[in-house]
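Fold and geometry: a report
Residues per chain, in single letters:
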Amino acid sequence: MATGRGQRGAGGPPPGAAARALAARVLTDVSFGGARSGDALSAALRERPPRDPRDAGLATELVYGVLRQQRRLDHTLAPLVRQGLGALEPLAQVLLRIGAYQLVFLDRVHAGAAVSSTQDAARVLGAGRITGLLNGVLRKVAERGERLPTGDDDASVGVRWSLPDWLVSPLREAVGAAALEANASALRERAPNTVRPNLSRGGAEAAVSALAAEGFTAEPGPHGSLVVSGPGDPFATAAFRDGLITPQDPASLHVVELLGDLRGVRVLDLCAGRGVKSTAMADRGARVLALDVVAEKLASANSLAERLGVADRLETRVADAADPALELGSFDRVLVDAPCTGVGTIRRHPEIAWRREPADVGRSVELQARLLAAAAGHLAPGGELVYAVCSFIRAEGGGPTPEGLVEQGDATLLAPVDGVDAFQVRRFRRPA
Ligand SMILES: C[S@@+](CC[C@H](N)C(=O)[O-])C[C@H]1O[C@@H](n2cnc3c(N)ncnc32)[C@H](O)[C@@H]1O
């Protein structure tokens, strides 16, 4: 409940406090409650739609900005909190990050307003008790600014680009020392809204004109994607509802491209999830058998296929694709879009950087090796298998060539510096 200065009777909270309070609720759920940023933000905006639409924009900026810059913000805040930043209650940690983010990254917010609106947000959230702490620490941030380390070691690079140390060396290994900072910086960019125009609904031309009719601009992006910008949410449009566009990163589209001409081809998609790639393949004329261990994901894949008008080309089955005894017949193309740490997608899901730990890599690599070995058993002579992970960690893209297959060319790394999610992709062929 609002208390003290935050209470404005019928007028509601003071200007700007609503956006900060909404962001603080979402960040508490994500950073301390395990929620996914996209889900938590959409739910909060649905449940408490801000009166001023600009507040929705600011809250979104604060949520994603704080999650992206969390380590860098904590580096600035930690020396200023006597009892230790981690010892503070979650809401205090989150509001300090929100305040510091405005001071460091948002030129448009005056320092005084950044501090006072963050205090107002605390009052709106019933935490008037921490306004003194917020005031004391944030004023020091405003005075001192940031003091970032300048070295090339993992810890210094990690602070500058707000990555955990353990992710810096795999990134260095993947892209080379000379390109490390450019790629680390690109990983910290906000990803644009990229979509796949669906051929079954008229392709790029139809998508561009439908989006234009609703005030959006769609420019050609890499790998056949469209980059959409304009007023509000492009996924709240008729173009989306009618299946003309599907959100998809260009790197993910490239994985589908690598499977070649799919017209009339039988494809086995062993880790289909919610069917982004399965439906892309069906949209290109493939007949797809899509497997996943999670039934609920396959139900989403089926709804997506219905919306896009390709349901007659998609069959789904709940199964463990790592089971070598699985009888499925043989296919001209097999896709293993393997479960992985997902660290290549931290532009879109920034909390992944703080949730994963080095032990996840070993677990992931073990499952990936079993999936790839089992996948090879479903490939017909002359057929091709594509293996992909949305991770730049070499071990996740590595692993031996499955027995009986020949690797085609080198493994490809799609690098963040090219404005795409980081993926590693390999192609194999079974000789005819
Ligand atoms: C990277 S995601 C797939 C994304 C999906 N291909 C898309 O483009 O929308 C990996 C998927 O593998 C599934 N998975 C994990 N272990 C599996 C297994 N043993 N067999 C089949 N699917 C599995 C997960 O449930 C998850 O949906």
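Residues numbered from 1 in each chain as written. Predicted model: local features only at pLDDT ≥ 70, side-chain atom pairs only at ≥ 80, totals over all residues.

Now for the overall build of the protein chain. From N to C terminus, the protein chain includes 17 helices and 12 strands. Projected onto the principal axes, the alpha-carbon positions of the protein chain cover approximately 75 × 50 × 35 Å. Relative to its full complement of 432 residues, the protein chain shows a buried share of 49%. Long-range pairs, those at least 24 residues apart, make up 70% of the contacts in the protein chain between residues at least 6 apart in sequence. (Helix = DSSP H or I, 4+ residues; strand = E, 2+ residues; numbered from the N terminus. Buried ≥ 20, exposed ≤ 12 C-beta atoms within 10 Å, placed from the backbone. Contact = placed C-beta atoms within 7 Å.)

Our focus in this paragraph is the site of the ligand. In the vicinity of the ligand, 18 residues are found, and the nearest of them are Cys 271, Gly 273, Val 276, Ala 321 and Asp 337. Elements supplying a minimum of two residues to the shell around the ligand: helix 13 (276-283) and strand 6 (287-292). (Near = placed C-beta within 6 Å.)

Turning our eyes to something else, we now look at the environment of Pro 431. Mapped onto the elements, Pro 431 comes out in the segment after strand 12 (423-429). Residue Pro 431 is classed as exposed on the basis of its 8 C-beta neighbours within 10 Å. It is 32 Å that separates the C-alpha atoms of Pro 431 and Thr 341, two residues lying 90 residues apart in sequence. Residues in contact with Pro 431, not counting those within four places in the same chain, are Pro 381 and Val 406.

With that settled, the discussion passes to the nonpolar core. Counting 71 residues, the largest nonpolar core has Val 267, Leu 270, Met 281, Val 334, Val 336, Leu 371 and Leu 385 as the members making the most contacts within it. Ranked by residues supplied to this core, first place goes to strand 9 (residues 379-389) with six residues. Those residues in contact with Leu 385, other than ones at most four positions away along the chain, are Val 334, Val 336, Ala 375, Ala 376, Leu 379, Leu 405 and Phe 428. In terms of nonpolar packing, the next biggest core, distinct from the first, is built from 45 residues, Ala 18, Leu 41, Leu 95 and Val 137 among them. (Core = buried A, V, L, I, M, F, W, Y, C linked by C-beta atoms within 7 Å.)

Turning our eyes to something else, we now look at the pairing of strand 6. Counting buried positions along strand 6 gives five out of six residues, so the element sits mostly inside the fold. With four bridges joining them, strand 5 (residues 266-269) and strand 6 adopt parallel strand pairing. Within strand 6, the position partnered with Val 267 by the bridge is Val 288. Read as a crossover between parallel neighbours, the route from strand 5 over helix 13 to strand 6 is right-handed. (Pairing = 2+ DSSP bridges. Right-handed = clockwise from strand over helix to strand, strands pointing away.)

Right, let's get into unusual backbone geometry. Residue Ser 162 is not a glycine yet carries a positive backbone phi of 55 degrees. Along the chain, Ser 162 falls in the loop between helix 7 (154-160) and helix 8 (165-175). For His 223, which is not glycine, the phi torsion reads 55 degrees and is therefore positive. Here His 223 lies in the loop between strand 2 (217-220) and strand 3 (226-229). On the neighbour-count criterion, His 223 (19 C-beta atoms within 10 Å) is partly exposed.

With that out of the way, let us pick up the domain arrangement of the protein chain. Partitioning the protein chain into domains gives domain 1 (4-144), domain 2 (159-187) and domain 3 (249-429). Contact with domain 2, which involves 14 residues of that partner, is made by 12 residues of domain 3. The set of elements that each furnish at least two residues to the side of domain 2 that touches domain 3 consists of helix 8 and helix 9 (180-187). Here the side of domain 2 that touches domain 3 takes seven residues from helix 8, the largest share from any one element. (Domains from an automatic or database assignment.)

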